[in-house]
Structures are given as structure tokens and as C-alpha cells.
Amino acid sequence: MLGDIVIPGFDSAQMLTYALVGLVGLFGIAIHAWSTLPDTIPVHFGFDGQANGWGSKKVLWLLPIVGLAIYGLLTFISRYPKHINL
């Protein structure tokens, strides 16, 4: 299913399951946090631990979307390796 990826101790079904559970978890946390966070959240902290950068809570979706994009790209590369010349 995922091509010729071989990692000792794992099969492709396990890797697919772990990846999908991780993605669902990322989106689940984002959905849960969306309703509990204020509209403006701290997005950067100084060395003293105090917030010194603020942003919209829309930044919360960055990690799940990047994770989904990476999953999609790696899935495409593993299924069609002849189309990618890296």
C-alpha cells in the first residue's frame, strides 16, 4: 500500500494508522481549543517567559494544516516514486 518502505518492527498498516491517529489528534485538539481560547492569544514568549507577541487564534490551525500537507506529500511520494526525482 505504501510502496517499499521497510522499517524493522513496523509494517505499512501500522505506520498509516499512527499517522492518521496523529492527524486526527491534531485537528481534535485544535477544534477543542478553538471554543475555549480568547480571540487574541500569545504567539511568542521572551526569555523571561512573558508573552511579547500576540496574534489571532487562527494561528492554531497552522500545525494541523502543515501536518496534513506533509502527510499528503509523503503519501504521494511513497505511492508514485517514479514521478518524483529527488
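Refer to the structure presented above.
Nothing here was measured: the structure is a model prediction, and the numbers come from that model. (Residues numbered from 1 in each chain as written. Predicted model: local features only at pLDDT ≥ 70, side-chain atom pairs only at ≥ 80, totals over all residues. Heavy atoms only, no water.)

### Looking at the overall build of the protein
Summing up its helical and strand segments, the protein has two helices and two strands in all. Counting every position in the protein, which comprises 86 residues, the buried fraction comes to 15%. A separation threshold of at least 6 residues defines the contact pool for the protein, and within that pool the share at least 24 residues apart is 42%. Working note: accessible area of the protein is about 6800 Å², and carbon and sulfur atoms make up 70% of it. (Helix = DSSP H or I, 4+ residues; strand = E, 2+ residues; numbered from the N terminus. Buried < 20%, exposed > 50% of the residue type's maximum accessible area, 1.4 Å probe, protein only. Contact = heavy atoms within 4.5 Å. Areas by Shrake-Rupley, 256 points an atom, 1.4 Å probe, with all protein chains shown as cover.)

### Concerning the pairing of strand β1 (residues 40–45)
In terms of strand pairing, β1 meets strand β2 (residues 51–56) through five bridges, oriented antiparallel. Each bridged residue has a counterpart across the sheet, and for F45 the counterpart in β2 is A51. Where β1 hands over to β2, the hairpin turn is made up of five residues, of which G49 adopts a positive phi near 85°. (Pairing = 2+ DSSP bridges.)

### What about the environment of W61?
Note on placement: W61 falls in the loop between β2 and α2 (62–79). You can call W61 partly exposed: its relative accessible area is 25%. With 31 residues separating them in the primary sequence, W61 and A30 have C-alpha atoms 6.5 Å apart. For W61, the contacting residues outside a window of four places in its chain are F27, A30, I31 and W34.

### Quick word on a nonpolar patch on the surface
Together, V43, V59, L62, V66, I70 and L74 line one region of the surface with nonpolar side chains, adding up to about 520 Å² of accessible area. When residues in the nonpolar patch are grouped by element, the largest group, four residues, is from α2. Of note, V59 is situated in the loop between β2 and α2. Residue class for V59 comes out partly exposed when judged on its relative accessible area of 44%. (Patch = residues over 30% accessible without salt bridge, like charges linked within 9 Å, V, L, I, M, F, W, Y side chains within 5 Å. Salt bridge = Lys/Arg side-chain N within 4 Å of Asp/Glu carboxyl O.)

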